[in-house]
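Chain residues, written in single-letter form:
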Amino acid sequence: MSLNLVIVGAGPAGLAAAWSASQSKANVILIDQYDQAGGQIWRGGANAAPKRYQHLFAQQTKLRYLNKSHVLGANDDHLFLATPNGPQQLAFDRLILANGARELFLPFPGWTLPKVLGVGGLQALVKGDLQIAGKNVVVAGSGPLLVAVASQLKQRGAIVKALVEQAPLGQLLGFGRSLAGYPSKIMQAAQSLASLRNTPFYPNTWVVAAEGNGAVQQVRLSNHHSIECDYLACGWGLIANTELAQQLGCTLKHGSVLVDRSQQTSVNHIYAAGELTGIGGEDKAIIEGQIAGFAATGNYHAASQLAHKQAQARQFSQQLATRFALRPELKQLAQANTLVCRCEDVPFEQLQTQPSWRNAKLQTRCGMGMCQGRVCSGATQYLFGWGQDSVRFPIHPVSVADLLMESI
Ligand SMILES: Cc1cc2nc3c(=O)[nH]c(=O)nc-3n(C[C@H](O)[C@H](O)[C@H](O)COP(=O)(O)OP(=O)(O)OC[C@H]3O[C@@H](n4cnc5c(N)ncnc54)[C@H](O)[C@@H]3O)c2cc1C
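Definitions and limits used
Residues numbered from 1 in each chain as written. Predicted model: local features only at pLDDT ≥ 70, side-chain atom pairs only at ≥ 80, totals over all residues. Heavy atoms only, no water. Phe/Tyr/Trp six-rings, centres within 6.5 Å; stacked < 30°, edge-to-face > 60°. Helix = DSSP H or I, 4+ residues; strand = E, 2+ residues; numbered from the N terminus. Buried < 20%, exposed > 50% of the residue type's maximum accessible area, 1.4 Å probe, protein only. Lys NZ or Arg CZ within 6 Å of the ring centre and 35° of its normal. Patch = residues over 30% accessible without salt bridge, like charges linked within 9 Å, V, L, I, M, F, W, Y side chains within 5 Å. Areas by Shrake-Rupley, 256 points an atom, 1.4 Å probe, with all protein chains shown as cover. Salt bridge = Lys/Arg side-chain N within 4 Å of Asp/Glu carboxyl O. Near = heavy atom within 4 Å. Polar contact = N/O pair within 3.5 Å; in protein donor to acceptor, adjacent residues only side chain to side chain. Disulfide = S-S within 2.5 Å. Pairing = 2+ DSSP bridges.

Taking an unreviewed UniProt entry as the reference, the protein is identified by name as FAD/NAD(P)-binding domain-containing protein belonging to Herpetosiphon geysericola.

Right, here's the structure in full:
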């Protein structure tokens, strides 16, 4: 009987894993919560991906693709899913986790005002049908995503009033120099920066408040500038979606899933690839996905051929973590009445006195609302150093109908 290999996430990492696993006789099943494969960067499927990656989409006929299917939890050999056809349990012999990352939001006065969005959030809306032409936008926070999104917004006709990066200029220049070994990234950065040449750029600066009547109208910066705007896109980098890996008992290190050279986690037969093992972008996701797909199907020779590229990708990921490390001043932005958990309206002052995430949940309902802590858990981890004691089923908010799966 052929091996059941299940891959969670059809972004670059999951697609690459599926591609290399499909070279074997394994029975490959790829799962994603969205309709189309492509993940965060290729939202919209094959049309959104560059030519050189079209083969990753073409292969979907060779495997089973469960789209619009949400993985809610797992045990040693089964995944629990909410699918359009109802709840399902799916058995696996090998599992590759490629379920990506999400944006980190940090609280500051006014961050809950309408039209204050995550950088990736505004990007997604604009890739949908939000009309941004002629709108004044401030793009702020940290990381290369700011430059990419500011450039995309400009292409869609937005007036990018300022690009505000918290990392100091020296660190940014160091990051630029570290790109020397990555010609494709230099090209990408150069194109984005060229399109932003007339955009005011403030390094070593951050948003201290968003202000407005009913929606954001003005942003105040740490350099004492105030800028009028229609939108503030603010993101502080990405955090890995580690909940499923944690539920399966995989060891984490610095907020990422720990893997060996064949992308195997601390749990036998469970592999991880892409943003989940360290934020590193599309190239890292693809290399790691390929290695995971080969290793999980026993093709260690093919996996080892990619070791050099894997090491390079991991170095790049290290550079990102170091050069865009968040500065301690950002922990002082929230005021006593600034909401940290926006689902349950929990202000900063109620959390300051709590010793842990668990206590905060029990005493204040922080993280117990609609998003189930997907936003505030990252913030409280940064602000107070809280980690999660345990990750329970379901890992995502779910309807009662989907919960009935436990009885099947
Ligand atoms: C909001 C956002 C915007 C970004 N924009 C850019 C950009 O403009 N340019 C750029 O170079 N990089 C961008 N990045 C980074 C880029 O997306 C990643 O480097 C790259 O996509 C990593 O690929 P991945 O396969 O590891 O993860 P992802 O692309 O995130 O893919 C993970 C996939 O897993 C699926 N998934 C997650 N959890 C579950 C679950 N429980 N059940 C089922 N499916 C699940 C998701 O739907 C997703 O399709 C962005 C990242 C984010 C978070």
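Caption draft 1: Representation of the packing of aromatic side chains within the structure. Throughout the structure, instances matching the rule amount to eight aromatic pairs. Ring geometry for W42 versus Y53: centroids 5.2 Å apart, planes at 35°, classification tilted. Of the two residues, W42 is situated in the loop between β2 (27-31) and α2 (54-58) and Y53 in the loop between β2 and α2; the sequence distance between them amounts to eleven residues. A residue is classified by how much of its surface remains accessible, and W42, at 2% relative accessible area, is buried. On the basis of an interplanar angle of 85° and a centroid distance of 5.9 Å, the ring pair of F80 and F393 is categorised as edge-to-face. Of the two residues, F80 is situated in strand β5 (residues 78-83) and F393 in the loop between α13 (376-384) and α14 (400-403); the sequence distance between them amounts to 313 residues. Site record: aromatic cluster; members linked through ring pairs are F175, Y182, F316 and F324. The ring of Y382 has K331 sitting right over it, with the charged end atom 4.9 Å from the ring centre. Seen from the ring of W111, R342 lies directly overhead, with NZ or CZ sitting 4.9 Å from the centre.

Caption draft 2: Structural context of a nonpolar patch on the surface. On the surface, a cluster of nonpolar side chains totalling about 280 Å² of accessible area is made up of L169, L173 and F201. Within the fold, F201 resides in strand β12 (residues 201-202). Assessed through its relative accessible area of 39%, F201 is described here as partly exposed.

Caption draft 3: Looking closely at the site of the ligand. Contacts to the ligand come from 29 residues, most closely from A13, D32, V71, Q123 and E275. In this structure, an oxygen atom belonging to the ligand sits 2.6 Å away from a side-chain N or O atom of D32. Here an oxygen atom of the ligand sits 3.0 Å away from a polar atom, N or O, in the main chain of Q40. Contact with the protein chains hides 92% of the accessible area of the ligand, taken as 980 Å² for the molecule alone.

Caption draft 4: Spatial organisation of the state of the cysteines. For the structure shown, the criterion picks out zero disulfides. Distance from the sulfur of C366, which forms no disulfide, to the nearest cysteine sulfur (C376) is 3.9 Å. Residue classification places C376 among the buried positions, given a relative accessible area of 2%.

Caption draft 5: Highlighting the pairing of strand β7 (residues 94-97). Relative to β7, strand β1 (residues 4-8) runs parallel, the two sharing four bridges. Across the sheet, V6 pairs through a bridge with L95, a residue of β7. Direction of pairing for β7 relative to strand β20 (residues 270-272): parallel, over a ladder of three bridges. Among the inter-strand pairings, L97 is bridged to a residue of β20, identified as A272.

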